[in-house]
Amino acid sequence: EYYFEDFDMDIAMEGAIRGFLEELDPHSQYIDAKEFESINEQFEGNFEGIGIEYSMIDGYITVISPIPETPSERAGLQSGDKIIKINGESAYKITTEEVFKKLRGKKGSSVNVEILREGIDPFEVNLIRDKIPITSIIASFMFEENIGYIKINRFANNTVQELNEALTNLEKNNMNKLIIDL
């Protein structure tokens, strides 16, 4: 109450909670409201945006792969493409939070990106954002004559449903043994 300058009590309390939990054990972690929203989005199984798996490489948003049946795949984005501008502004060394703010958005809204692809001049692509599914199972096929293979990439609300569908399809192909890749 009598501290010599003004401060935000909510920020101070969050800091205290984080510090307290760090002392408990290596598995306890405080999740603030923004982080919770992001985590919840992953568990819900979809978001609205352009649909790319990406990594920051040498300061650029680098496409690892476009997510199938999304605006990025339909526009022809490829693995290795670098997003160098977003809506005319440099995308070099932007933060993950800025990437989300600029590339995600309401379904039907557009975003213009400039792409640097090895061997050709930079080019612009206008993407219309859409609902992007986040799937748990990224591969499901017959490995051998009677052995099925399922790769689970993440766990979310839709994982059980996706696993049941994959198992049903594999069983139709006479699977009696299964490899589950976690």
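Residues numbered from 1 in each chain as written. Predicted model: local features only at pLDDT ≥ 70, side-chain atom pairs only at ≥ 80, totals over all residues. Heavy atoms only, no water.

(A) Focus on the packing of aromatic side chains. One pass over the full model with this rule turns up 4 aromatic pairs. Ring geometry for Y3 and F7: centres 5.6 Å apart, planes at 85°, overall edge-to-face. Overall, F7 belongs to the partly exposed group, its relative accessible area being 49%. Within the aromatic cluster, the residues linked to one another by ring pairs are Y3, F4 and F7. When the ring centre of F47 is taken as reference, the NZ or CZ atom of R104 above it lies at 4.0 Å. The ring of F100 is capped by R104, whose NZ or CZ atom sits 4.2 Å from the centre of that ring. (Phe/Tyr/Trp six-rings, centres within 6.5 Å; stacked < 30°, edge-to-face > 60°. Buried < 20%, exposed > 50% of the residue type's maximum accessible area, 1.4 Å probe, protein only. Lys NZ or Arg CZ within 6 Å of the ring centre and 35° of its normal.)

(B) Representation of the side chain of D81 in the model. Its location among the elements puts D81 in the loop between α3 (71-74) and β4 (82-86). D81 gets classed as buried once you look at its relative accessible area, which sits at 1%. Separated by 2.7 Å, the side chains of D81 and R117 make a polar contact. Ignoring anything within four residues of it in the chain, the contact list for D81 reads I61, T62, V63, G76, I115, L116 and R117. (Helix = DSSP H or I, 4+ residues; strand = E, 2+ residues; numbered from the N terminus. Polar contact = N/O pair within 3.5 Å; in protein donor to acceptor, adjacent residues only side chain to side chain. Contact = heavy atoms within 4.5 Å.)

(C) Highlighting the nonpolar core. Ranked by size, the top nonpolar core spans 16 residues in total, and within it I52, I61, I83, I86, L103 and V113 carry the most contacts. Mapped onto this core, the elements with two or more residues apiece are β3 (60-66), β4, α4 (96-103), β6 (110-116) and β7 (123-128). Top contributing element to this core by residue count: β6, with 3 residues. Setting aside chain neighbours within four positions, we find I86 in contact with I61, A91, I94, K102, L103, V111, N112 and V113. Core analysis: the next-biggest nonpolar cluster, separate from the first, contains 6 residues, I150, I152, A166 and M175 among them. (Core = buried A, V, L, I, M, F, W, Y, C linked by side-chain atoms within 4.5 Å.)

(D) Structural view of a nonpolar patch on the surface. Taken together, the side chains of Y3, F4, F7, M9, M13 and I17 define a hydrophobic patch exposed on the protein surface, amounting to about 680 Å² of accessible area. With respect to the secondary-structure elements, F4 resides in the segment before α1 (9-24). (Patch = residues over 30% accessible without salt bridge, like charges linked within 9 Å, V, L, I, M, F, W, Y side chains within 5 Å. Areas by Shrake-Rupley, 256 points an atom, 1.4 Å probe, with all protein chains shown as cover. Salt bridge = Lys/Arg side-chain N within 4 Å of Asp/Glu carboxyl O.)

(E) Expanded view of unusual backbone geometry. Phi is positive for D58, which is not a glycine, with a value near 50°. With respect to the secondary-structure elements, D58 resides in the loop between β2 (52-57) and β3. A relative accessible area of 64% means that D58 is categorised as exposed. We note that K93 has phi near 60°; this positive angle belongs to a residue other than glycine. Position of K93 relative to the elements: it lies in the loop between β5 (89-90) and α4.

These results come straight from atomic positions and should not be treated as a statement about function.
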